[in-house]
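# A look at the structure
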Amino acid sequence: MHDFYSAFGEAFRLVVGLDPDLTEIVWLSIRVSFASTCCAALLGLPLGALIAIAKFPGRSVAVVLLNSLMGLPPVVVGLMVYLALSNSGPMGSFALLYTPTAMVIAQTILITPIIAAPTRQTIEDLGQEYDEQLRALGVGPLRAVGTLLWDGRFSLITAFLAGFARATAEVGAVIIVGGNINHVTRVMTTAIALETSKGDLALALGLGMILMIIAIGVNALVVVLRATGARSAYA
Amino acid sequence: MRDAAAQPEALASQARVILPVAGHGLVFQRGARRILDGVDFEIGGSGTLAIIGPNGAGKSVLARVLAGLIAPTAGHVTWAGTPPDRRRAPKFGFVFQRPVLLRRSALANITYALAIVGVPRAERAGRALDALNRARIAHLARSPASVLSGGERQLLSLARALATEPEILVLDEPTSNLSPAATTAIEALVDEARKAGTRVAMITHDLGQARRLADEVAFVHHGRVVERAPREAFFARPSSAEARAFLRGELVL
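Described in the following lines is the structure provided in the data block. (Residues numbered from 1 in each chain as written. Chains lettered and ligands numbered in written order. Predicted model: local features only at pLDDT ≥ 70, side-chain atom pairs only at ≥ 80, totals over all residues.)

### With respect to the overall build of chain A
In terms of regular secondary structure, chain A is built from 10 helices and zero strands. The helix and strand sequence of chain A, counted from the amino end, reads α-α-α-α-α-α-α-α-α-α. Summarising its shape, the C-alpha atoms of chain A cover approximately 70 × 50 × 25 Å along the three principal directions. In chain A, buried positions account for 41% of the 235 residues. In chain A, of all internal contacts separated by at least 6 residues, the share reaching a separation of at least 24 is 77%. (Helix = DSSP H or I, 4+ residues; strand = E, 2+ residues; numbered from the N terminus. Buried ≥ 20, exposed ≤ 12 C-beta atoms within 10 Å, placed from the backbone. Contact = placed C-beta atoms within 7 Å.)

### Observations regarding the pairing of strand S8 (residues 216-221) of chain B
Residue and element names in this part refer to chain B. With six of six residues buried, S8 lies mostly within the body of the structure. Burial along S8 is two-sided: the face carrying Glu 216, Ala 218 and Val 220 and the face carrying Val 217, Phe 219 and His 221 are both buried. Judged from the four bridges that link them, strand S3 (residues 48-52) and S8 form a sheet pairing that is parallel. Counted as the bridge partner of Ala 50 is Val 217 from S8. Sheet analysis places S8 next to strand S9 (residues 224-230), joined by six bridges and oriented antiparallel. Opposite Glu 216, over in S9, you have Pro 230 as the bridge partner. Between S8 and S9, which pair antiparallel in sequence order, lie two residues; one of them, His 222, sits at a positive phi of approximately 50°. (Pairing = 2+ DSSP bridges.)

### Structural notes on the sheet that holds strand S4 (residues 74-79) of chain B
All names here are of chain B. Read from one edge of the open sheet, three strands run S2-S1-S4, paired in antiparallel fashion. If you trace the sheet from one side to the other, it starts and ends with strand S2 (33-43) and S4, each paired once. Each adjacent strand pair in this sheet contributes to an overall mean axis angle of 20°, direction not counted. Examined bridge by bridge, strand S1 (residues 21-30) and S4 share five bridges and lie antiparallel to one another. Opposite Val 27, over in S4, you have Ala 74 as the bridge partner. (Axes fitted to C-alpha atoms, helices over the stretch in contact; angles between N-to-C directions.)

### Description of unusual backbone geometry
With an omega of -5°, the peptide bond running from Leu 19 of chain B to Pro 20 of chain B counts as cis. With respect to the helices and strands, Pro 20 of chain B occurs in the loop between helix H1 (7-13) and S1. With a phi close to 55°, Asn 180 of chain A is a non-glycine residue in the positive phi region. Structurally, Asn 180 of chain A is set in the loop between helix H8 (172-178) and helix H9 (188-198). You can call Asn 180 of chain A partly exposed: it has 18 C-beta atoms within 10 Å. Despite not being glycine, Arg 136 of chain B has its phi angle at roughly 60°, a positive value.

### Quick notes on the sheet that holds S8 of chain B
All names here are of chain B. Taken in spatial order, the six strands of this open sheet run S5-S6-S7-S3-S8-S9, and their pairing is mixed. Bordering the open sheet on either side are strand S5 (92-95) and S9, each of which pairs with just one other strand. Along the sheet, successive strands turn relative to each other by an average axial angle of 15°, direction set aside.

### A closer look at the packing of helix H2 (residues 20-53) of chain A against helix H7 (residues 153-169) of chain A
Residue and element names in this part refer to chain A. Packing of H2 against H7 leaves a shortest axis separation of 9 Å and a crossing angle of 140°. Looking at the two axes, H2 sits oblique to H7. Between H2 and H7 the crossing geometry is right-handed. For the pair H2 and H7, contact is made by Ser 29, Ser 33, Phe 34, Ser 36, Thr 37, Ala 40, Ala 41 and Leu 45 and by Leu 156, Phe 160, Gly 163, Phe 164, Ala 167 and Thr 168, respectively. Looking at the contact of H2 with H7 residue by residue, the class counts come to eight nonpolar, six polar and no charged. (Parallel < 35°, antiparallel > 145°, perpendicular 65-115°, else oblique. Left-handed = near helix turned anticlockwise from the far one by under 90°. Nonpolar A, V, L, I, M, F, W, Y, C, P; charged D, E, K, R; others polar.)

### Some details on H2 of chain A
Along its 34 residues, H2 of chain A runs 48 Å from first to last C-alpha, staying within 8% of the 50 Å computed at 1.5 Å per residue. Its maximal kink placed at Ala 41 of chain A, H2 of chain A deviates by approximately 25°. (Expected span 1.5 Å × (residues − 1). Bend = angle between axes of the 7 residues up to and from the residue.)

By themselves, these observations are geometric and do not establish any function.
Here it is as structure tokens:
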């Protein structure tokens, strides 16, 4: 019991005192997650918009597939990316395994559907509402997609933030392809897993606190954005 | 109000790209129902045409087909002699029964339409404000479209359609859900557009509205244009049995 309380106190000191080891891990986590979410947005926004608007055979299959991919098991993605990047794999010559780049690749794969699926839904709903009016105004298909993305921006930013929150909290994929190497690929989640098993509860708890703060912060941002959206022209 | 007086000459001097709007042998089939049943219809000239008829007669479908928004099952539409195309669509104003507004401010809804027709960025806000002024809703310029009342939304949608100076303005029951005050405001704006030289075609269930606004009336029944006549003649002595029954209030289907 005494250990437990002292671990909490120590964790608090680490967080408040901006312990260098702790900040290094937090900073890497944020960089990797942000880079992954940006890559995922670059892929997911056009992909979602395309599936929402394009008419092609098997479209409903694509929608089901996309929605299912939101629940992609991280360890499976980690394993696939590991196989692709390992020395004998198709991308082995790039020597990316156990680097932050490998973690970004794995997380991008995980998060792309998390951004693309709500994008598809948003753009499809808005598209049904706008379609006839935009055509009456003489809007071409390219400008129509731009209009839908812009008018759906609050929902799309929410999807982006959900992707970022998922990335920061994810452990299965990054531990396989990153390897949790100190000062290189150690991020918050992998550090918590390691420190807990080593019995160093203070660092694990400190990182856990920061993870929770990020999750709460992201969700608070979503609430603020929704309120802003409601004020500035959103139904 | 800026160009209200100058507009008729301006429109007359420009080569017409939409008028006359013509449908040739239009058939529109939805499942087993034949909604348009061989319609030949032309809107040229000037003034206001009221398109009346019972629910399900095919009025809205006819308007959408003529606007190039839906393709007919058979027959074809021409604008000034050639098939409709997107480039000319802004000159064919269309106002829907339920206004669809972008999730932006009232002003931005209009600048958007102006951007499509290539109005330079610097002129858009000024012209959009003029359009809002003519609709008497300039005080709502900065309001999100979503917070406007039903009447204000329809006025905005009409102002947006007029902002690109269309040759023809087609309205699909624009006042059917509106209060008398909002209806008056819409009618005033439509009539101003007509006076400025815009050809108007208005679908309505409101016979009083047709009497107030129309120069000419077309009566649609069972997917056919049964009768078309100047307003006075139509209301005084409708030539078809269906129109007579409709005016007596007997024909509801």
